[in-house]
Amino acid sequence: MGRNDALRAARLRAGWRTLEQAAARLTQHGQQLLDDRQFSVSARTWRRWEGAHPGWPAEETAIVLHDALGRWPEDLGFTTPPGWIRPEHHEEADVKRRAFVSVTAAALVAGPFAPQHVDPALIDYFRQQLEGHYRADMLLGPHDLIGTVSAQYQLIDKLIRSAKGETRRGLLRIGAAYAALVGWLYQDAGDMGGASFWRGVTQEIAMRSRDAHLIGYSLVNQAQVRTDLGDGPAVIDLCEAALAGPDRLVPKVRVMALQQQAHGASLVRDRGAVDRLIDQADALLGRVDDALPWGNACRRTPGYLEVQRATCYGRLGLGAQALALWDQVLQIVPETARRDRGVYLARHATAAAGAGEPDQALEIARTAADIAAQTRSARMRRELVALQQAMRPWQDAPVGQDLAEVLAPVTEGS
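Residues numbered from 1 in each chain as written. Predicted model: local features only at pLDDT ≥ 70, side-chain atom pairs only at ≥ 80, totals over all residues. Heavy atoms only, no water.

Enquirer: Which residues make up the layout of surface pockets, and what are the values?
Expert: Volume-wise, the second largest pocket comes out at about 310 Å³. The wall of the second largest pocket is formed by 13 residues, among which Arg48, His53, Ala404, Glu405 and Ala408 lie closest to the centre. If you list the elements that add at least two residues to the lining of the second largest pocket, you get helix H3 (43–49) and helix H19 (398–411). The greatest single-element share of the lining of the second largest pocket, amounting to 5 residues, is contributed by H19. Of the residues belonging to the lining of the second largest pocket, the class tally is 4 nonpolar, 5 polar and 4 charged. (1 Å grid on protein atoms, 1.4 Å probe; cavity = no way out; pocket = protein on both sides within 12 Å on 5 of 7 lines; lining within 4 Å. Points joined across faces, edges and corners; volume = space filled by probe spheres on them. Helix = DSSP H or I, 4+ residues; strand = E, 2+ residues; numbered from the N terminus. Nonpolar A, V, L, I, M, F, W, Y, C, P; charged D, E, K, R; others polar.)

Enquirer: Give me the lowdown on the nonpolar core, citing residues and values where you can.
Expert: Ranked by size, the top nonpolar core spans 104 residues in total, and within it Leu171, Trp198, Trp326 and Leu387 carry the most contacts. The element that contributes the greatest number of residues to this core is helix H7 (residues 165–188), accounting for 13 residues. Filtering out sequence-adjacent residues up to four positions away, Trp326 remains in contact with Val307, Ala310, Thr311, Tyr344, Arg347, His348 and Ala351. Within the second largest apolar cluster, 20 residues are counted, among which are Leu26, Leu34, Trp56 and Leu76. (Core = buried A, V, L, I, M, F, W, Y, C linked by side-chain atoms within 4.5 Å. Buried < 20%, exposed > 50% of the residue type's maximum accessible area, 1.4 Å probe, protein only. Contact = heavy atoms within 4.5 Å.)

Enquirer: Hey, could you go over the packing of helix H16 (residues 338–354) against helix H17 (residues 358–375) for me, with residue numbers and the actual values?
Expert: In contact at an axis separation of 8 Å, H16 and H17 are set at 150 degrees when each is read in the N-to-C sense. Between H16 and H17, the interaxial angle falls into the category roughly antiparallel. Seen along the crossing, H16 lies across H17 with a hand that is left-handed. On H17, the residues that touch Arg338, Gly342, Leu345, Ala346, His348, Ala349, Ala352 and Ala353 of H16 are Gln360, Ala361, Ile364, Ala365, Thr367, Ala368, Ile371 and Gln374. Tallied by class, residues from the contact of H16 with H17 come to 10 nonpolar, 5 polar and 1 charged. (Axes fitted to C-alpha atoms, helices over the stretch in contact; angles between N-to-C directions. Parallel < 35°, antiparallel > 145°, perpendicular 65-115°, else oblique. Left-handed = near helix turned anticlockwise from the far one by under 90°.)

Enquirer: Which residues make up the pattern of salt bridges, and what are the values?
Expert: Summed over all chains, the structure comprises 21 salt bridges. The partner of Glu131 in a salt bridge is Arg135, with the nearest N and O atoms 3.9 Å apart. Of the two residues, Glu131 and Arg135 both sit in helix H5 (residues 121–140), 4 residues apart, roughly one turn of that helix. In this structure, the salt-bridge partner of Asp231 is Arg226, at a minimum N-O distance of 3.1 Å. Here Asp231 falls in the partly exposed class, since its relative accessible area comes to 25%. Through salt bridges with shared partners, a single ionic network connects Asp137, Asp188, Arg339, Asp340 and Arg379. (Salt bridge = Lys/Arg side-chain N within 4 Å of Asp/Glu carboxyl O.)

Enquirer: I'd love a proper account of the packing of aromatic side chains, names of residues and values included.
Expert: Inspection of the entire model under this criterion finds 10 aromatic pairs. Ring pairing ties together the aromatic residues Trp16, Trp46, Trp49, Trp56 and Phe78, which thus form one cluster. The positively charged end of Lys252 is found above the aromatic ring belonging to Trp294, 4.9 Å away from the centroid. In this arrangement the basic side chain of Arg300 is found over the ring face of Tyr134, its NZ or CZ atom lying 5.3 Å from the centre. (Phe/Tyr/Trp six-rings, centres within 6.5 Å; stacked < 30°, edge-to-face > 60°. Lys NZ or Arg CZ within 6 Å of the ring centre and 35° of its normal.)

Enquirer: An account of unusual backbone geometry is requested, with residue identities and associated values reported.
Expert: The phi dihedral of Arg210 falls on the positive side, at around 60 degrees, and the residue is not glycine. Within the secondary structure, Arg210 is located in the loop between helix H8 (192–209) and helix H9 (212–228). Of note in this structure, Arg269 is not a glycine but carries a positive phi near 65 degrees. Structurally, the position occupied by Arg269 is in the loop between helix H11 (251–267) and helix H12 (271–285).

Enquirer: Which residues make up H12, and what are the values?
Expert: Here H12 spans 21 Å end to end across 15 residues, near enough to the 21 Å set by a 1.5 Å rise per residue. Residues Ala273, Val274, Asp275, Leu277, Ile278, Ala281 and Leu284 constitute the buried set of H12. The inward-facing, buried residues of H12 contact H11 and helix H14 (304–315). (Expected span 1.5 Å × (residues − 1).)

Enquirer: An account of the environment of Asn221 is needed here, citing residue identities and associated values.
Expert: Along the chain, the position of Asn221 falls in helix H9. C-alpha of Asn221 to C-alpha of Gln360: the two residues are 139 residues apart in sequence and 34 Å apart in space.

Enquirer: Explain the packing of H11 against H12 to me, using residue names and the numbers behind them.
Expert: How two helices pack is summed up by the angle between their axes together with the distance between the axes. In the contact formed by H11 and H12, the axes pass within 8 Å of each other and the chain directions differ by 165 degrees. It follows that H11 is roughly antiparallel to H12 by the angle criterion. Considering how the two elements wind past one another, H11 and H12 form a crossing that is left-handed. From H11, Pro251, Arg254, Val255, Leu258, Gln261, Ala262, Ala265 and Ser266 reach across to H12, where they touch Ala273, Val274, Leu277, Ile278, Gln280, Ala281, Leu284 and Leu285. A per-class count over the contact of H11 with H12 returns 12 nonpolar, 3 polar and 1 charged.

Written out as structure tokens, the structure is:
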């Protein structure tokens, strides 16, 4: 009683006599299997695994454990979470992509297709489906939607090849919106290569549609990827290119470009530009009244621009200012926006740590970690890793040890 004897027995059978040796061997095995030098399992994590409350490892760690020890986590004494499905078939090469539809499969289908009649009513059908996908993304996270949305893009691409005139142009426009969503899903899942590929598809389809608004939107999409890559100058370049478009560009696209450029400014440590750009976006927000089905986060997300400002402040190390903004924003973000709320909570906790409030950071992190485990959002996990960094001054204090226990299921071995 009081320890995980199944895992201990498997470790000893493998010849790993100590916890430290087991952690080192699993780390080495995982780095080779996943081709990821960042994969790591600490001796402290292994000690928790062999304790009374082992929790559940990240999905990739579960695959590594199975490959190294020949048994799945539920057979090694771990607590099986609801909805866990064993990835029974996997290949050592490119394990990271086994959870997803192939990045290129839906976008680069060889043609030609047999010609078919394309009813214009299909444009409205795909528009309605798109709104449903946006709502589902807020509730589910990326993994359960990538296959569905990319398959629908494939169908749209097939129809585009047969459609004529306005029907074809309408399908190109809605196809660009679907490609953008697939790109976002890959980005949220942490696959930046897949995200960049689909952002490129979005830009190609936008250009083919000759829709100036979509072209600007596609540039902002590219800038989002560059933001996650930490490339501030590229973010600024892309947003300036979007804003250099025609004056008739709808306010929504301008708002999106301005707020994304603010993120670029925060990456190059220009606090003045952050405030100036977000204030410019705020002056346009009340004029967003188009019926375009894409890019509506600025209308759908309560406190949208203050979310961006708080995020930029956090990136700039302005803990107290960011904390005050997150306190306000999270009062109006609905519980139904589960994935976004989780990301905001993680940033809120990091701001609390930056403001010297570690106990508050710990309490906020408890909820964020629960949401991260359920949605499997890589963005959220990345924010929680940033929280760990911000809490380093307290890592040996009780609050730091409690935080390590709270975050271990979603950050260790990920």
